[in-house]
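Below are the chains, spelled out letter by letter.
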Amino acid sequence: MSFMKSLLLAIFATLFLTYVFGASVIDWFNVDVYMDNELLEPVQAISFAALFVVVLVIAALAIVLSVFGSIIFIILLIFGGGLMLMLGMFWPIVLIACAIWLLSRGGRQHAHSG
């Protein structure tokens, strides 16, 4: 499943669960939500809470991805730099080893074919 599809399903599930549990809590505890001295309907109160939760989830996702993405990028840079350093220092040895391997492999093929 793709990342965006998973994210959209998670947002939909969050909205649905917030609505279901919010309506239940408002009915059970007889909670009234006022804005500018006006009583909000339960659906409006829940929708504001659900939108707030979705915004917080997206912000947390962005923070987590940026922090872990940066850490993974730094680790890959260090590993790649070390690999390039080792290749730069030992390229003659690697070249000779590859040549020996290719020559010895070629010699074995001729021995088996004849």
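Residues numbered from 1 in each chain as written. Predicted model: local features only at pLDDT ≥ 70, side-chain atom pairs only at ≥ 80, totals over all residues. Heavy atoms only, no water.

A. Structural detail: the overall build of the protein. On a plain count of helices and strands, the protein comes out with 2 helices and 2 strands. Secondary structure of the protein in N-to-C order comes out as α-β-β-α. Considering the protein as a whole, with its 114 residues, one finds that 9% of them fall into the buried category. Carbon and sulfur atoms make up 78% of the accessible area of the protein, which totals about 9,600 Å². (Helix = DSSP H or I, 4+ residues; strand = E, 2+ residues; numbered from the N terminus. Buried < 20%, exposed > 50% of the residue type's maximum accessible area, 1.4 Å probe, protein only. Areas by Shrake-Rupley, 256 points an atom, 1.4 Å probe, with all protein chains shown as cover.)

B. Local environment of a nonpolar patch on the surface. Taken together, the side chains of Phe79, Leu83, Met84, Leu85, Met86, Leu87, Met89, Phe90, Trp91, Ile93, Val94 and Leu95 make up a nonpolar region of the molecular surface, amounting to roughly 1,300 Å² of accessible area. Tracing the backbone through its elements, the reader meets leucine 83 in helix α2 (residues 42–113). (Patch = residues over 30% accessible without salt bridge, like charges linked within 9 Å, V, L, I, M, F, W, Y side chains within 5 Å. Salt bridge = Lys/Arg side-chain N within 4 Å of Asp/Glu carboxyl O.)

C. Here's a closer look at the UniProt feature "transmembrane region" (unreviewed entry) in the protein. Within the UniProt annotation, "transmembrane region" (unreviewed entry) is assigned to residues 46–79. The annotated region residues 46–79 carries 100% helix and 0% strand content, and the separation between its end C-alpha atoms amounts to 48 Å. (UniProt positions renumbered as here; feature names shortened; annotations may be inferred.)

D. Up close: the confidence of the model for the protein. With 89% of its residues at a pLDDT of at least 70, the protein reaches an overall mean of 78. Confidence, expressed as mean pLDDT per element, reaches its minimum in the protein at strand β1 (residues 33–35) with 74 and its maximum at α2 with 80. (pLDDT = per-residue confidence, 0-100.)

E. The arrangement of helix α1 (residues 3–29) in detail. The end-to-end C-alpha separation of α1 is 38 Å, in line with the 39 Å expected for 27 residues at 1.5 Å each. Among the residues of α1, those classed as buried are Leu7, Ile11, Thr18, Gly22 and Ile26. Two residues or fewer after α1 comes asparagine 30, characterised by a positive phi angle close to 50°. (Expected span 1.5 Å × (residues − 1).)

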